[in-house]
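Structure assessment
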Amino acid sequence: MRQESVVHRPHPALRPYVAAAVGYAHEGFPPGEHLGLPSPWLTLVLTLDEPLVMAAHPDPAQAPGSFDALVGGLHTRPARIVHPGRQAGIQLSLTPAGARALLGVPAGALASTDVHLADLLGRGAAELVDRVRAAPGWTGRFAVLEAGLLRRLGDDALPAGVAEAWRLTTASAGRLRVDDVAARIGWSPRHLQQRFRAETGLGPKEAARVVRFDHARRALAGRISAGRPADLAGLAAAGGFADQAHLTREWRAFSGLSPTRWLAAEFGYVQDTAALDAALSPA
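Let us look at the structure shown here. None of the values given here were measured: they were computed from a predicted structure.

Conventions and cut-offs
- Residues numbered from 1 in each chain as written.
- Predicted model: local features only at pLDDT ≥ 70, side-chain atom pairs only at ≥ 80, totals over all residues.
- Heavy atoms only, no water.
- Salt bridge = Lys/Arg side-chain N within 4 Å of Asp/Glu carboxyl O.
- Helix = DSSP H or I, 4+ residues; strand = E, 2+ residues; numbered from the N terminus.
- Buried < 20%, exposed > 50% of the residue type's maximum accessible area, 1.4 Å probe, protein only.
- Contact = heavy atoms within 4.5 Å.
- Phe/Tyr/Trp six-rings, centres within 6.5 Å; stacked < 30°, edge-to-face > 60°.
- Lys NZ or Arg CZ within 6 Å of the ring centre and 35° of its normal.
- Axes fitted to C-alpha atoms, helices over the stretch in contact; angles between N-to-C directions.
- Parallel < 35°, antiparallel > 145°, perpendicular 65-115°, else oblique.
- Left-handed = near helix turned anticlockwise from the far one by under 90°.
- Nonpolar A, V, L, I, M, F, W, Y, C, P; charged D, E, K, R; others polar.
- 1 Å grid on protein atoms, 1.4 Å probe; cavity = no way out; pocket = protein on both sides within 12 Å on 5 of 7 lines; lining within 4 Å.
- Points joined across faces, edges and corners; volume = space filled by probe spheres on them.
- Core = buried A, V, L, I, M, F, W, Y, C linked by side-chain atoms within 4.5 Å.
- Pairing = 2+ DSSP bridges.

**Side note on the pattern of salt bridges**
The final tally for this structure, using the stated rule, is 12 salt bridges. A salt bridge links Arg86 to Glu50, with the nearest nitrogen and oxygen atoms 2.4 Å apart. Taken together, the residues span a long stretch of sequence, with Arg86 in strand E9 (residues 86-94) and Glu50 in the loop between strand E4 (42-47) and strand E5 (52-56) at a distance of 36 residues. With a relative accessible area of 38%, Arg86 lands in the partly exposed category.

**So, the side chain of Asp214**
Inspection of the secondary structure puts Asp214 in helix H8 (residues 204-225). Each residue touching Asp214, except ones within four places of it in the same chain, is listed here: Ser39, Pro40 and Trp41.

**Observations regarding the packing of aromatic side chains**
Under the defined criterion, the tally for this structure stands at five aromatic pairs. Aromatic side chains Phe213 and Trp251 sit 5.2 Å apart centroid to centroid with 80° between the ring planes, which places their arrangement in the edge-to-face category. Linking Phe213 in helix H8 with Trp251 in helix H10 (residues 244-255), this pair joins segments that are 38 residues apart in sequence. Considered together, Phe213 and Trp251 belong to a single accessibility category, that of buried residues. Ring pairing ties together the aromatic residues Phe213, Trp251, Phe254 and Trp262, which thus form one cluster. Directly above the aromatic system of Trp138 lies the positively charged group of Arg141, at a separation of 4.7 Å from the ring centroid.

**Details of the packing of H8 against helix H11 (residues 259-266)**
Packing of H8 against H11 leaves a shortest axis separation of 12 Å and a crossing angle of 60°. When the axis of H8 is compared with that of H11, the two are oblique. In this structure, H8 meets H11 at a crossing whose hand is right-handed. Across the interface between the two elements, Arg217, Leu220 and Ile224 of H8 pack against Pro259, Trp262 and Leu263 of H11. Considering only residue class, the contact of H8 with H11 consists of five nonpolar, no polar and one charged.

**Regarding the layout of surface pockets**
Its volume calculated, the largest pocket comes out at about 550 Å³. Lining the largest pocket are 29 residues; nearest its centre among them are Arg15, Pro16, Ala19, Trp41 and Thr95. For the lining of the largest pocket, the secondary-structure elements that each account for two or more residues are strand E2 (18-27), helix H1 (96-103), helix H5 (160-171), H8 and helix H12 (270-280).

**Examining the nonpolar core**
With 65 residues, the main nonpolar core has Leu46, Leu92 and Leu117 as its most contacted residues. Other than its neighbours up to four places away in sequence, Leu117 contacts Leu44, Leu46, Ala69, Val71, Leu103, Gly122 and Ala125. Membership of the second largest hydrophobic core comes to eight residues, among which are Phe67, Leu70, Ala79 and Ile81.

**Describing the sheet that holds strand E10 (residues 114-116)**
Ordered by their spatial adjacency, six strands build an open sheet running E1-E2-E9-E4-E7-E10, and the pairing between neighbours is antiparallel. Since the sheet does not close on itself, it has two edges, and those belong to strand E1 (2-8) and E10, each with one partner. Strand after strand, the sheet turns through a mean of 20° between neighbouring axes, direction not considered. Where E4 meets strand E7 (residues 69-72), four bridges bridge the pair, whose relative direction is antiparallel. What sits directly across from Thr43, in E7, is Gly72. Along the sheet, H1 makes contact with E2, E4, E7 and E9, crossing E9 at roughly 100°. Against the sheet, helix H4 (residues 137-152) engages E1, E2, E4 and E9, with an angle of about 40° to E9.

Pasting the structure below:
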């Protein structure tokens, strides 16, 4: 069994738009499924070998499909990814601002959907995938990918009020009440709801829940990777949940599984979650 996760620090010009960059290569696993869980980032995946096979998308109305390069919007339901026992690629975690600056669309246009990168970038997407695959080693792959993204970098910024609401929500780890967020930016809660959802695809309350869940998921993965006990009660208290039962309800809502069942089902991918946590940490 081989499991490799490589953290890359994005180019300074890309850091407002790319929250994390991780290369991964897994082989020797039993064929099965992997869950793509809700997070505060859009997902950009470039595969290095076989296509990414999506058995189910966050929007159950979207048909299954295969992707050489995928962009997934913000969502509140899990995706199901089928694998033959091996996977290799690069995953970027894009901020909502990154959707506009790098892909040319608001994140709200991609909510709960997975699209081919070519649907957004045209023929240049296939050329970018080919160049990344041909590059030598992880350093070369990341360099090629970043060069392609830097050429696309635009100045299409998030509306200021939505950008500040997003910053407040993520900086507070999802603990700031929606009414407080609205008050801090000088909007009514209703206006915040409308503008925030149109731009990101999530309502402010949904976004706060996703942020809390993501923090808890990465914290749990970090504990297990370090050989520490799960301590779900302590995890709930530290993460702003009312109690362990609240944590479990949210985990089931976002993953379809309890925390312990998620660990059992996704144990082989816990290292990737820990790598993402390292990628998100300031250098």
